[in-house]
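A closer look at the structure
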Amino acid sequence: MSENQNLLAEQRRALILDEVRRRGGVRVNELTRKLGVSDMTVRRDLDALARLGVLEKVHGGAVPVAEASTHEPGFEAKSGLELSAKEDIARTAATLVAPGTAIALSGGTTTYALAHQLLDVPDLTVVTNSVRVADVFHSAQRSSGQRQGAATVVLTGGVRTPSDSLVGPVADQAIAALHFDVLFLGVHGISAEAGLSTPNLAEAETNRRLVRSARRVVVVADHTKWGTVGLSSFATLEQVDTLVTDAGLPARARAEISEQLRRLLVAGAPEDSADSADTTAATDAPDTSGTATAGNSADF
């Protein structure tokens with residue numbers, strides 16, 4: 001981490017969390033030197049991260065939280081993490097959506113960010129098991145009135161999870177009767193061995209139904225999800241058509257993912273970087289293997 005007194009609180013906290021996870025713990029005095037801020041600022045950042053439940057404060061510093069594979073953070077806790085990465089991912093994923101198509105958005109904070117990016121795409125049919133995602137579209141319609149081309153939203157029933165997803169037999173039955181062009185899927189964890197996973201058994205089954213009902217599966221996941229494994233796997237990487245992630249994903253992980261996926265989109269990378277690609281819409285891109293970086297969108 002380089003010193004920068006002008007880092008935003010969100011950026012500082014993301015750097016602190018990455019350092020804690022990478023090293024297994026940090027001291028306050030180390031962070032003050034690396035971030036170029038006061039120890040009071042660092043302590044406030046640690047307090048904020050501790051309240052989110054993503055690290056544990058100890059005397060003089062912080063250590064990672066040892067999460068069980070069944071631990072499921074709530075929506076509010078997850079919404080405070082990797083905000084910039086999620087916005088980058090959402091903008092890039094939105095370029096994969098064509099007007100007039102039927103899409104599905106699973107629960108999660110990244111799909112929630114994506115929903116905001118889709119409000120101006122005309123004539124969409126949106127199937128979702130996320131209360132939060134449905135509310136994005138409903139709130140837009142309430143504030144602007146019923147407008148031509150506004151999305152038609154189908155909200156499944158089901159039992160509400162801590163992340164505000166609707167799961168269980170009611171949701172599963174509703175999804176099984178539907179067919180959509182593209183599924184945008186948020187995940188708790190993704191790895192080469194376990195594939196896509198979640199700590200919630202009922203959510204795993206609902207996600208399986210979503211995957212089966214989709215012509216194409218697009219996973220939207222920031223770099224912190226790589227290597228995380230929840231209690232239940234619900235899809236392999238081979239079942240995923242595209243992964244949209246952020247520039248924080250290490251090169252080694254990108255190479256490993258590219259071996260199993262047809263498409264990897266890296267959002268938020270500088271457009272003038274050495275490995276950046278043309279930023280044209282990827283909706284009708286051919287199914288060839290490859291990795292692309294994109295400021296807004298990418299072609300394969």
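Let me begin by describing the structure that accompanies this report. Since the structure is predicted, the reported quantities are computational estimates derived from the model, not experimental observations.

A word on the pairing of strand 11 (residues 195–198)
Where strand 10 (residues 189–191) and strand 11 come together, 3 bridges link them in antiparallel fashion. Residue Ser-191 lies in a different strand from strand 11, and its bridge partner there is Gly-195. Here strand 10 folds back onto strand 11 in antiparallel fashion, the turn holding 3 residues.

Some thoughts on helix 10 (residues 251–258)
By the burial criterion, the buried members of helix 10 are Ala-253, Arg-254 and Ile-257. The buried residues of helix 10 occupy an angular sector of 105 degrees when the element is viewed end-on, so they sit on one face. Exposed and facing more than 90 degrees away from the buried side of helix 10 are Ala-251 and Arg-252.

Topic: unusual backbone geometry
At Asp-123, a position not held by glycine, the phi torsion is positive, near 60 degrees. Of note, Asp-123 is situated in the loop between helix 6 (109–117) and strand 5 (125–128). Using a relative accessible area of 47% as the deciding quantity, one classes Asp-123 as partly exposed.

Let's talk about the nonpolar core
Core analysis: the biggest nonpolar cluster contains 28 residues, and Ile-103, Leu-105, Leu-118, Phe-137 and Phe-184 have the highest contact counts within it. Every residue in contact with Phe-137, bar those within four places of it in the chain, is listed here: Leu-105, Ala-115, Leu-118, Leu-119, Val-126, Ala-151 and Val-153. Leu-183, Ile-190, Ala-214 and Phe-234 belong to the second-largest nonpolar core, a separate cluster that totals 27 residues.

Side note on the sheet that holds strand 3 (residues 61–64)
Spatial ordering of the open sheet is given by 1-3-2, a layout of 3 strands whose pairing is antiparallel. Of all strands in the sheet, those bounded by a partner on one side alone are strand 1 (26–27) and strand 2 (55–58). Note: strand 1 against strand 3, 2 bridges, orientation antiparallel. For Arg-27, the partnering residue across the bridge sits in strand 3 and is Gly-61. Along the sheet, helix 1 (residues 9–23) makes contact with strand 1, strand 2 and strand 3, crossing strand 3 at roughly 65 degrees.

Overview of the pattern of salt bridges
Evaluation of the coordinates by the stated rule reveals 13 salt bridges. Measuring nitrogen to oxygen at the nearest pair gives 2.5 Å for the salt bridge that ties Asp-88 to Arg-91. Placement of both Asp-88 and Arg-91 in helix 5 (residues 83–94) is noted, with a separation of 3 residues, approximately one turn of the helix.

Topic: the environment of Leu-155
By the secondary structure assignment, Leu-155 is in strand 6 (residues 152–155). Since its relative accessible area comes to 40%, Leu-155 is described here as partly exposed. Contact partners of Leu-155, with chain neighbours within four places excluded, come to Thr-128, Asn-129, Ser-130, Val-131, Ala-134 and Leu-166.

What about the sheet that holds strand 13 (residues 232–235)?
Taken in spatial order, the 3 strands make up an open sheet running 10-11-13, and their pairing is antiparallel. At either margin of the open sheet sits one strand with a lone partner, and together these are strand 10 and strand 13. Averaged over neighbouring strand pairs, the angle between their axes works out to 35 degrees when direction is ignored. Across 3 bridges, strand 11 lies against strand 13 in antiparallel orientation. In the strand pairing of strand 13, Leu-196 is matched with Ala-235. The sheet strands contacting helix 9 (residues 201–212) are strand 11 and strand 13, and the helix crosses strand 13 at an angle near 5 degrees.

About the thresholds
Residues numbered from 1 in each chain as written. Predicted model: local features only at pLDDT ≥ 70, side-chain atom pairs only at ≥ 80, totals over all residues. Heavy atoms only, no water. Pairing = 2+ DSSP bridges. Helix = DSSP H or I, 4+ residues; strand = E, 2+ residues; numbered from the N terminus. Buried < 20%, exposed > 50% of the residue type's maximum accessible area, 1.4 Å probe, protein only. Arc of directions from axis to C-beta. Core = buried A, V, L, I, M, F, W, Y, C linked by side-chain atoms within 4.5 Å. Contact = heavy atoms within 4.5 Å. Axes fitted to C-alpha atoms, helices over the stretch in contact; angles between N-to-C directions. Salt bridge = Lys/Arg side-chain N within 4 Å of Asp/Glu carboxyl O.

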